[in-house]
Amino acid sequence: MKNNNSVIVLASLKVKKEFCDDFMEKAKVVVEATRKEAGCVRYELIRDVFAPDVFRFIEEYVDDNAFALHRTMPYMTPFREYREKVVAEYMGVETLKRVDYR
């Protein structure tokens, strides 16, 4: 059964080409740590096949509180600071909720 209170986040960004490999290594730390958060349902980093400098985070949290807590985790601040240096373009963030068909 799906949780209709869950928060789903889709974040897309384009990384400067010379930083793509390094970005994946730094993001791996965040992905692994986030997956251990109690409120994390799913946290993935995917890479565009046709534009390999484009990455997308697919995130799902049990509720708004879990999403808010994730944003305060100690590993997020250094990653945000690093990201500011290597991102060529922020392509958007969508924050979504499931549709309840009941």
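Above this text you will find the structure in question.
Since we're looking at a predicted model, the values are computed, not measured. (Residues numbered from 1 in each chain as written. Predicted model: local features only at pLDDT ≥ 70, side-chain atom pairs only at ≥ 80, totals over all residues. Heavy atoms only, no water.)

**A look at the packing of aromatic side chains**
Part 1: Overall, the coordinates contain seven aromatic pairs when judged by the stated rule.
Part 2: Here Phe23 and Phe55 contribute two aromatic rings whose centre-to-centre distance is 5.0 Å and whose plane-to-plane angle is 50°, an arrangement assigned as tilted. You can see Phe23 sitting in helix α1 (residues 20-35) and its partner Phe55 sitting in strand β3 (residues 54-61), a full 32 residues away along the chain.
Part 3: By relative accessible area, which is 0% here, Phe23 ends up buried.
Part 4: When its relative accessible area of 0% is taken as the criterion, Phe55 is described as buried.
Part 5: In textbook terms, an aromatic cluster arises when at least three aromatic residues are bridged by ring pairs, as seen for Phe23, Tyr43, Phe55, Phe57, Phe79 and Tyr82.
Part 6: Here Lys26 stacks its cationic end above the ring of Tyr82, 5.2 Å away from the centre of that ring. (Phe/Tyr/Trp six-rings, centres within 6.5 Å; stacked < 30°, edge-to-face > 60°. Helix = DSSP H or I, 4+ residues; strand = E, 2+ residues; numbered from the N terminus. Buried < 20%, exposed > 50% of the residue type's maximum accessible area, 1.4 Å probe, protein only. Lys NZ or Arg CZ within 6 Å of the ring centre and 35° of its normal.)

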